[in-house]
Amino acid sequence: MKNELFEKIGIMGGTFDPIHYGHLVAAEGARCHFGLDMVFFVPAARPPHKGDRYISHPSHRLDMTILATGSNPRFQVSDVEIRRSGPSYTIDTVFHFARSWPGALIYFITGADAILEILTWHRVEELLDMCSFIAATRPGYRLENLAGSLQGLPSRYIEKISVMEVPALAISSTDIRERVKKGMPIKYLLPEKVEEYLYSKELYI
Ligand code: NAP
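Residues numbered from 1 in each chain as written. Predicted model: local features only at pLDDT ≥ 70, side-chain atom pairs only at ≥ 80, totals over all residues. Heavy atoms only, no water.

## What about the layout of surface pockets?
By volume, the largest pocket is sized at about 1,100 Å³. What lines the largest pocket is a set of 41 residues, among which G14, T15, K50, T110 and A114 lie closest to the centre. At the level of secondary structure, the elements contributing two or more residues to the lining of the largest pocket comprise β1 (8-14), α1 (21-34), α4 (90-100), β4 (105-111), α5 (112-115), β5 (132-137) and α9 (173-182). Classifying every residue of the lining of the largest pocket gives 17 nonpolar, 16 polar and eight charged. (1 Å grid on protein atoms, 1.4 Å probe; cavity = no way out; pocket = protein on both sides within 12 Å on 5 of 7 lines; lining within 4 Å. Points joined across faces, edges and corners; volume = space filled by probe spheres on them. Helix = DSSP H or I, 4+ residues; strand = E, 2+ residues; numbered from the N terminus. Nonpolar A, V, L, I, M, F, W, Y, C, P; charged D, E, K, R; others polar.)

This is how it looks when you write it as structure tokens:
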């Protein structure tokens, strides 16, 4: 795959605990809208700001992401953050893809709530020099939150952050975990293979 010529690539960053249809719709929407040749899903091993909140083992989140994306030839899964030790800094991941596809334009796709805190991210200005950001929002998302949190960033960086409303992001990983815990149905919120996987591994109970 490394020899394939990609002019524009997407990096879909997230914890994916579990991955659901909102993530898949967001990635496909970004791929089509921005003309991306490939979207790489990159489950974070240890998201830098997560502190002590329990998250499922990276191998489960990686397996679920592989199961969810398998039917789309324009989606790939990368374990680069899981293989790397230490916190999953996005700058290291973007460097990894920039080295693999020199000259390709890179778009980092993630939830708008994560991007709200971008000013606190590791080496943020260098990161914004290297890639553009796509902030996927849930229905009813208050855009002024994002605008407020970006105040203080030079305009050349603000221009590199696009907002994309994704109605399917009414689905959330938190809600799915809570539903499983309460014994409520999760059918049609995520791919069947992921549903089967998380029950078979007794995740979120
Ligand atoms: P999070 O805090 O778990 O999620 C924040 C919100 O964004 C949640 O509502 C979440 O919904 C949504 N979301 C997360 N990933 C998404 C995606 N790919 N598409 C659409 N919505 C998404 O965020 P996180 O997963 O820990 O972090 C997101 C990404 O930012 C990761 O790749 C992380 O490594 C990166 N990050 C980097 C730094 C840094 O470099 N210093 C700091 C913070 C985050 P769901 O729960 O439904 O997914």
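## Concerning the site of the ligand
Around the ligand, the structure places 27 residues, and the nearest of them are T15, H23, K50, R138 and S173. Separating a nitrogen atom of the ligand from a backbone N or O atom of G13 is a distance of 2.9 Å. The separation between an oxygen atom of the ligand and a polar side-chain atom of H20 is 2.9 Å. Protein contacts shield 90% of the accessible area of the ligand, which totals 860 Å² for the unbound molecule. Taking a 2 Å distance to the grid points as the criterion, the majority of the atoms of the ligand fall inside the largest pocket. For the shell around the ligand, the element with the most residues is β4, which contributes four residues. For the shell around the ligand, the class distribution of residues is 11 nonpolar, 13 polar and three charged. (Near = heavy atom within 4 Å. Polar contact = N/O pair within 3.5 Å; in protein donor to acceptor, adjacent residues only side chain to side chain. Areas by Shrake-Rupley, 256 points an atom, 1.4 Å probe, with all protein chains shown as cover. Sits in = over half its atoms within 2 Å of the grid points.)

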